[in-house]
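So the chains spell out like this:
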Amino acid sequence: MRSRALLGLVLLSVAAFGSRAFGQSPGFDHWKHRKVFPACQACHAGAVAPDRPLWPAIEACRNCHDGTVEKVIEWSPPTETATNLRFTHDTHARAFRTKVGADSTLACMNCHSEKDAPWMQVARPVPSRCLDCHGIKLAHHQAPDTACATCHLRLPEATGLTRERIARFPKPASHEAADFLTKTGHGGLAQPVSAGPRSFAVAPSCATCHARDFCLQCHVNAPEVPVIKALATDPRSTAIVAHLQPPANHKESGFWKTHGGESRRDPASCATCHTRESCATCHRGTGIVIAQGLPAAGRGRAIGAQVQQHLPDWHSRGFVARHGPSASADPNRCNVCHARPECLDCHRPNAGATGTYHAAGFLARHPAAAYGRQNDCSECHNPASFCANCHVQSGFRSHNGLLQGQYHDAGSAFLFSHGRAARFNLESCVTCHSEKDCTACHSAQTRHFNPHGPGFDAERLKRKNPETCSACHGRAIP
């Protein structure tokens, strides 16, 4: 068995082990009464007889505390007896006698006092005595993982515990280690363990104090982590509050410049804390694949790291007044954080007014910009209406197909090069033309101009989508 610190071994409201149901009641001095009670069973009959009460009745106390012999007292048995212990006096005693022998007895002092303590120096169950009896030679919080399940229930099984008592669970020393929050820290401690015929999908030392809801305070990737999936759900586990902390490398200067490469090398490490929406906080205006390996936010996952967008170094004072040249020279750099429509908030706040988004003189060279796809015109303009209307009103339109090109300012020569232009940027063609304009020439039923380029594989296209062929060939697809 692997020896490790127990992850939050539940001791409830007792000082070391057990609860009020298994030890001395507050305010009662056993040592002072050592000559009055020669045996524990005189008051705690339920420890040996399950059908008898564990605690004495107040009437028994008043045999002495009657106001004459001793002062009158008021006392009532403890009511908070819920624990996460598997222990009951009856089953424990029977198991002990089965193991050791029918004529053996298990004295109360074997568990409720320090070793070699005098009679009636009563304490709540002493962990070291329990561990010695069970053959565990290590300190309480250093016991093997599987030893936890010997005495303790998993948290969801301890149904009587309240959130308040769970919140008071003591924190083991292992939780204070510098690397505890790393994947090899608490993640390594939580891995499955086996002991002989017994096996555990998640370390019992974790399951004693924690349930899946606890892990969901940090782990975005909880549904994909086997040891978290092995934990049962229990909302009470969030009484122990966990805070998501950034790794040390996130605090290094310039990390934001290198995090892209690191996320591509090891996306699983990012998925522990980040969702796709986390990336979108900054990467808003780009088509780059920013979320490979990251899950989408949703039920069953933690909210994850809440990222805040920060201005880059070059966005210094006065950058707004001089950002134009930088944006024109390297628009992709801007697109990492900005969507193009954001520019219109300042450059064209009123869509009906004269645009100031484009630089002076842009109208004269906008055909080349549109043809070369320097900008996506459709982000702001409707090509079918905005572009076509302007061109028609300006006289740039075709009166006789492609033969007399006024819209196509290359003149009649455009007829012989329009195929190349269509293959390069078909979107610009469909702004004005429909399919029937093409089939007027490129069809088996009309002028029989072959629309297929070099190396065209007709059989492959026919298998992939025969409807495309039928646009020109009808049902007689060759």
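Treat the numbers as computed from the prediction; the structure is a model and nothing was measured. (Residues numbered from 1 in each chain as written. Predicted model: local features only at pLDDT ≥ 70, side-chain atom pairs only at ≥ 80, totals over all residues. Heavy atoms only, no water.)

### Observations concerning the overall build of the protein
Then comes step 1: Helices and strands together make up the secondary structure of the protein, namely 22 helices and 2 strands.
Then comes step 2: When the 478 residues of the protein are sorted by exposure, 28% land in the buried category.
Then comes step 3: Nonlocal contacts in the protein, meaning residues at least 24 apart in sequence, comprise 61% of its contacts between residues at least 6 apart.
Then comes step 4: For the protein, the accessible area works out to roughly 30700 Å², and carbon and sulfur atoms hold 56% of it. (Helix = DSSP H or I, 4+ residues; strand = E, 2+ residues; numbered from the N terminus. Buried < 20%, exposed > 50% of the residue type's maximum accessible area, 1.4 Å probe, protein only. Contact = heavy atoms within 4.5 Å. Areas by Shrake-Rupley, 256 points an atom, 1.4 Å probe, with all protein chains shown as cover.)

### A closer look at the state of the cysteines
Then comes step 1: Taken as a whole, this structure holds 0 disulfides when the rule is applied.
Then comes step 2: For the unlinked cysteine C273, the closest cysteine sulfur is that of C218, found at 7.3 Å. (Disulfide = S-S within 2.5 Å.)

### Quick word on the nonpolar core
Then comes step 1: By size, the foremost hydrophobic cluster in this structure holds 12 residues: A190, V202, A203, C206, A207, F214, C215, A222, V225, V227, I228 and L231.
Then comes step 2: Of all the secondary-structure elements, those providing two or more residues to this core are α7 (204–207), α8 (212–215) and α9 (226–229).
Then comes step 3: Core analysis: the second largest hydrophobic core is formed by 7 residues, L155, A158, L161 and I166 among them. (Core = buried A, V, L, I, M, F, W, Y, C linked by side-chain atoms within 4.5 Å.)

### Digging into the confidence of the model for the protein
Then comes step 1: Residue-level pLDDT values for the protein average 77, and 82% of them are 70 or greater.
Then comes step 2: Predicted confidence for residues 1–25 stays below pLDDT 50, and this span has 115 contacts to residues more than four positions away or in other chains. (pLDDT = per-residue confidence, 0-100.)

### Considerations on empty space enclosed by the protein
Then comes step 1: Evaluation of the coordinates by the stated rule reveals 2 cavities of 30 Å³ or more.
Then comes step 2: By volume, the second largest cavity is sized at about 40 Å³.
Then comes step 3: Residue lining of the second largest cavity: R154, P156, V202, A207, H210, A211, A230, L231 and A232, and that is the complete set.
Then comes step 4: Counted by class, the lining of the second largest cavity contains 7 nonpolar, 1 polar and 1 charged residues. (1 Å grid on protein atoms, 1.4 Å probe; cavity = no way out; pocket = protein on both sides within 12 Å on 5 of 7 lines; lining within 4 Å. Points joined across faces, edges and corners; volume = space filled by probe spheres on them. Nonpolar A, V, L, I, M, F, W, Y, C, P; charged D, E, K, R; others polar.)

### Things to note about helix α2 (residues 89–100)
Owing to its 3.6 residues per turn, the α-helix aligns residues three or four sequence positions apart on the same side.
Then comes step 1: Here α2 spans 16 Å end to end across 12 residues, near enough to the 16 Å set by a 1.5 Å rise per residue.
Then comes step 2: On the buried face of α2, the contacting elements are α3 (127–133). (Expected span 1.5 Å × (residues − 1).)

### Comments concerning the pattern of salt bridges
Then comes step 1: Across all of its chains, the model carries 5 salt bridges by this definition.
Then comes step 2: The salt bridge involving D234 is made with R236; its shortest N-O contact spans 2.6 Å. (Salt bridge = Lys/Arg side-chain N within 4 Å of Asp/Glu carboxyl O.)

### Concerning unusual backbone geometry
Then comes step 1: A positive phi is found at D116, a non-glycine position, where the angle reads about 65 degrees.
Then comes step 2: Its place among the elements puts D116 in the loop between α2 and α3.
Then comes step 3: The phi torsion at M120 lies on the positive side, around 70 degrees, for a residue other than glycine.

### Side note on the packing of aromatic side chains
Then comes step 1: Tallying each qualifying case throughout the model produces 2 aromatic pairs.
Then comes step 2: Relative to W75, the ring of W55 has its centre 6.5 Å away and its plane inclined at 55 degrees; by these criteria the two rings are tilted. Taken together, the positions of W55 in the segment before α1 (58–61) and W75 in the loop between α1 and α2 put the pair 20 residues apart, joining distant regions of the chain.
Then comes step 3: Look at W55 and you get buried, because its relative accessible area is 12%.
Then comes step 4: Across from the ring centre of W31, 3.9 Å away, lies the NZ or CZ of R34, which sits over that ring. (Phe/Tyr/Trp six-rings, centres within 6.5 Å; stacked < 30°, edge-to-face > 60°. Lys NZ or Arg CZ within 6 Å of the ring centre and 35° of its normal.)

### Digging into the environment of P226
Then comes step 1: You can see P226 is positioned in helix α9.
Then comes step 2: Counting along the chain gives 35 residues from P226 to Q191, while the straight-line C-alpha distance between them is 8.9 Å.

### Quick word on the environment of Q41
Then comes step 1: Mapped onto the elements, Q41 comes out in the segment before α1.
Then comes step 2: The partly exposed category is assigned to Q41, whose relative accessible area is 34%.
Then comes step 3: Measuring from C-alpha to C-alpha, the distance between Q41 and L54 comes to 8.9 Å, with 13 residues separating the pair along the chain.

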